[in-house]
Structure formats: structure tokens, C-alpha cells
Amino acid sequence: MSKVNDLKHMNIQKVRQCFYDGKVWTKTQLADVTQLSLSSMTNILQQLLTNEEIFFIGESASTGGRKSKQYVLNQDYCHILKIILKRQINSYEFLCQNVNLFNQVISSQNISSLYGSVDELISLVKNILTNDTSIKMICLSIPGVCHDGYIDVCDFELFENVNLSQKMNEFYDGQMVLENDVNIASIGFYHHYPKCQHLAFVYQPTVQYIGCGMIINGKLYNGFTHFAGELRYLPFYTPEQQNQMLKTQPKELLEKQLSALCCVVNPEMIGVCSDVIDCLDDFHLDAIPWRHRPQLIYVKDLDSLIEDGLYQMSIQKILEEDK
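In short, a report on the structure. Chains are numbered independently. Their residues run from 1 in the order of the written sequence. The predicted nature of this model means local features are confined to residues of pLDDT at least 70 and side-chain atom pairs, given and counted, to a pLDDT of 80 or more, with totals for whole chains, interfaces and linings taken over all residues. With hydrogens and water stripped out, all remaining heavy atoms of the structure feed into the side-chain values.

A few words now on the overall build of the protein. What counts as a helix is a DSSP run of H or I of at least four residues, what counts as a strand is a run of E of at least two, and both are numbered from the N terminus. In terms of regular secondary structure, the protein is built from nine helices and 16 strands. Per-residue burial for the protein yields a buried fraction of 49% across its 323 residues. By definition, residues are in contact when any of their heavy atoms lie within 4.5 Å. Sequence-distant contacts, at least 24 apart, represent 61% of the contacts inside the protein between residues at least 6 apart. Positive: Lys, Arg. Negative: Asp, Glu. His and the chain ends are not part of the count. Where a charge lies is defined by one atom per residue type: Lys uses NZ, Arg uses CZ, Asp uses CG and Glu uses CD. Computed over 26 positive and 37 negative side-chain charges, the inter-centroid distance for the protein is 9 Å. When a residue's accessible area, from a 1.4 Å probe over protein chains only, is under 20% of the maximum for its type it is buried; when over 50% it is exposed; and in between it is partly exposed.

Set out below in C-alpha cells:
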């Protein structure tokens, strides 16, 4: 892009960012917030109206002068398909939600499987896309390590060593995000505590191993190969020992893992969701000096955090789209 086009693109993105908060805006309000001229704002609004990304919804009440036109985001400009892959003890679940840009549910579908195969996911997605051609964003929560669409270690064993992004692109040409489930939950958790710029979220499941997502300086930290947060590989216990402690000493196992997390990342706050521990009332991080201990927040509903995180990631991806 030329410098002129770069500036134009940046200005449009400023205005789009305002609309994606779901509020009603006037041209004057947008100009004040973005520090753009009224003439520039007129051109940008016209472009967004032509694209049907926003709608004109009427005029504001008169205060004695000229009435201001009001604009709002078109909630059906595109739809978002949120998919959660969830491992249960004896089954594999595909939890799907089709939502508009205001995160309002249009339709939902949950499938339970004995195998949890990639073909099952693809068949499900194809069926949903057939019924709604407005879906332009798919955001998947994967219980494993994802890097550039490639699945590494995963609780859905049949997804391991699969380039899922490539397989999806064979029949879908819209935008797509694939991310680790606990990383997504950490984004949802951060959305509830946006003033906390350094936090982590930890999930201790009944089956398989602990997962951790980290927010550093307000941004998700993935690491070199998207392996950051895989606390199961800390060299304290073997996988067999972790499996045994998960059954007999889940609190002690989690305390040691969180202590290691505090030493490495030093978060201000840690959200903790556990399928085997009911609360954090008698939870201690005695190995950490008191002034360096984070605030611990117990979270009961992991799925709602993942759903929120999927929505936040989708909106951010849509806003990054070139206009």
C-alpha cells in the first residue's frame, strides 16, 4: 500500500472498531472519538453503508438544531460459526453455535461421537454452511496444540498430525481461526478483567492433562511453536504420576503447577477451572513469596468463557480484514 492508502485504511479501521461495540453512533460522535474530520467521516460512512456493514437507522431527537443521523452495525453483515471440540470420559463432543455480530445465537447444534474424527467435523460444518450462506467466519476451539492450522498433541487423538486448516479450506473460503481451547478461555477471562494486563487461565480436567493460557501485556502469548502453557510437560511428574495424582491428590498437583506458572510468568491474576476441585478456599501457594502471589479466581463454567473467547477472537479477525 502507498502511504495515502495506508492512512485511509487506518482511518476506516478506527471507525469500524467503534461500530463493533454495538452502540448507535452519529457522524459527529465518531469524528470526536476518532479525531477525524467530518468530511473524512462522511466518505467512510458512505463506504460502510454501500458495503452494508452498517445501517442508517434514523435521526436523533432534536436539541434545537439540525437532527443528527444515526448509524449502527449491521448485525447480519456476516455470521460467525463457533465450534468447541470437547473431550468427555467416554465420548467426543462437537458443540456448534452460529451467531450474528452481536453474539446473538441464530442456531446451535451439538454432536456426540465415539470417535471424534476429522471427517465428522467436516460433515457437520458442511451441513451448517449449507443452511446459512452468511457465515464468513469459523472459529474453532481445539483441545490441543495448534500452529498455523496444524494440530499437534490433541485430546481428540484422530486430529493429531492433521493440517485442519488445509482440510477446511478445501470447501470453505472464508476467514478462520483455530486455537487451543484454554488459550481461547483465557481471552474470554481477560474480557471480564480487561484492566488486568498480566493474567493466566488454567483448566484441570477430569481426563487428560492440565492446560494454561497466558495474557501478557493484554495479548495472548502462544510461544515459538504455540506450545506455551503446556504445563503437563513440567519435569516434576511423569504422565503416569500426574494421572494418579489427578485421582488422589488433585489439589497438590495443581498447587505445584500454579507455583511454577507464577515463577515463570508472574501473573497478577489466575483464573482456575477444575473438574475435580470444587473451590480454592484452602488453596495455598506457600512456595511463592506473598507479595508475588497472584489473585486466584475460581471459574465454574469453562464453556461460557470459551464461547466468549471465540466471539472476541472472531471479531478481532473480522476487524483485521482489509476493506
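Read on for the rest.
As a further point, take the packing of aromatic side chains. In this analysis, rings of Phe, Tyr and Trp, with Trp reduced to its six-membered ring, are considered paired at centre separations within 6.5 Å, and the interplanar angle assigns stacked below 30 degrees, edge-to-face beyond 60, and tilted for intermediate values. This structure, assessed with the given rule, holds seven aromatic pairs. Seen from their ring centres, Tyr92 and Phe156 are 5.0 Å apart, and the 75° between their planes marks the pair as edge-to-face. Note that Tyr92 is positioned in strand β5 (residues 92–99) and Phe156 in the loop between β9 (150–154) and β10 (162–163), a separation of 64 residues in sequence. Taken as a pair, Tyr92 and Phe156 share a single burial class, namely buried. Seen from their ring centres, Phe189 and Tyr193 are 5.0 Å apart, and the 55° between their planes marks the pair as tilted. Classification of Tyr193 by relative accessible area gives partly exposed; the value is 30%. Geometrically, a lysine NZ or arginine CZ counts as sitting over a ring once it is within 6 Å of the ring centre and also within 35 degrees of the ring normal. Sitting above the plane of the Phe171 ring, Lys126 keeps its charged end 5.2 Å from the centroid. For the cation-ring pair, Lys256 lies above Phe236, with the distance from its terminal atom to the ring centre recorded as 5.1 Å.

Let us now look at the environment of Glu252. By the secondary structure assignment, Glu252 is in helix α8 (residues 250–265). Here the alpha-carbon distance between Glu252 and Phe283, two residues 31 residues apart in the chain, equals 9.0 Å.

Salt bridge criterion: a side-chain nitrogen from Lys or Arg within 4 Å of a carboxyl oxygen from Asp or Glu. With the rule as written, the count across this model stands at five salt bridges. Of the charged contacts in the structure, one is a salt bridge between Lys86 and Asp303, with a shortest N-O distance of 3.0 Å. Taken as a pair, Lys86 in strand β4 (residues 79–87) and Asp303 in helix α9 (residues 302–320) lie far apart in primary sequence, 217 residues in all. Put simply, Glu255 and Lys251 hold a salt bridge, and the shortest N to O gap is 2.8 Å. Here Glu255 and its partner Lys251 are both found in helix α8, four residues apart, which amounts to about one turn of the helix. Given a relative accessible area of 22%, Lys251 falls into the partly exposed group.

Our focus in this paragraph is the sheet that holds strand β8 (residues 144–147). Within the open sheet, the three strands sit side by side as β8-β9-β10. Their pairing is antiparallel. A single partner strand is all that each edge strand has here, and the edge strands are β8 and β10. Relative to β9, β8 is paired through three bridges, and the arrangement is antiparallel. When the sheet's bridge partners are listed, Cys146 is paired in β9 with Ile151. For two strands to be treated as a pair, DSSP must find no fewer than two bridges joining them.

The next point concerns the environment of Asn243. Among the secondary structure elements, Asn243 is positioned in helix α7 (residues 239–248). For Asn243, a relative accessible area of 32% translates into the label partly exposed. Separated by 36 residues in sequence, Asn243 and Val207 have C-alpha atoms that sit 8.3 Å apart.

A few words now on helix α4 (residues 118–131). When the terminal C-alpha atoms of α4 are compared, their 20 Å separation across 14 residues agrees well with the 20 Å that a helix rising 1.5 Å per residue should span. When α4 is considered as a whole, its buried residues turn out to be Val118, Leu121, Ile122, Leu124, Val125, Ile128 and Leu129. Angular distribution of buried residues about the axis of α4 spans 165°; they occupy a single face of the element. Counted as exposed and oriented over 90 degrees from the buried face of α4: Asp119, Thr130 and Asn131. Elements in contact with the buried residues of α4: β4, β5, β6 (105–113), β7 (135–142), β10 and α5 (164–169). Each helix should span, by expectation, one fewer than its residue count multiplied by 1.5 Å. The reported arc concerns the directions from the helix axis to the C-beta atoms and nothing else.

Looking now at the nonpolar core. In this structure, Val15, Phe19, Leu30, Ile80, Leu101, Phe189 and Phe201 are the most contacted members of the largest nonpolar core, which totals 48 residues. By residue number, the principal contributor to this core is α9, which donates nine residues. Throughout, nonpolar core names a set of buried Ala, Val, Leu, Ile, Met, Phe, Trp, Tyr and Cys residues whose side chains join them through atoms within 4.5 Å.

A sheet is described by the order of its strands in space; here three strands give the open sequence β1-β3-β2, paired in antiparallel fashion. Two strands close off the open sheet at either side, each with one partner strand: β1 (25–26) and β2 (54–59). In the sheet, β1 pairs with strand β3 (residues 69–73) via two bridges, with the strands oriented antiparallel. Across the sheet, residue Trp25 finds its bridge partner in β3, namely Tyr71. For helices, the axis comes from a line fit to the C-alpha atoms of the stretch in contact; other axes are also lines fit to C-alpha atoms, and the angle between any two N-to-C directions lies between 0 and 180 degrees. Where helix α1 (residues 3–19) meets the sheet, it contacts β1, β2 and β3, and its direction lies at approximately 80° from that of β3.

Our focus in this paragraph is unusual backbone geometry. Unusually for a residue other than glycine, Asp148 sits at a positive phi of about 55°. With respect to the helices, strands and loops of the structure, Asp148 is situated in the loop between β8 and β9. Classification of Asp148 as exposed rests on a relative accessible area of 68%.

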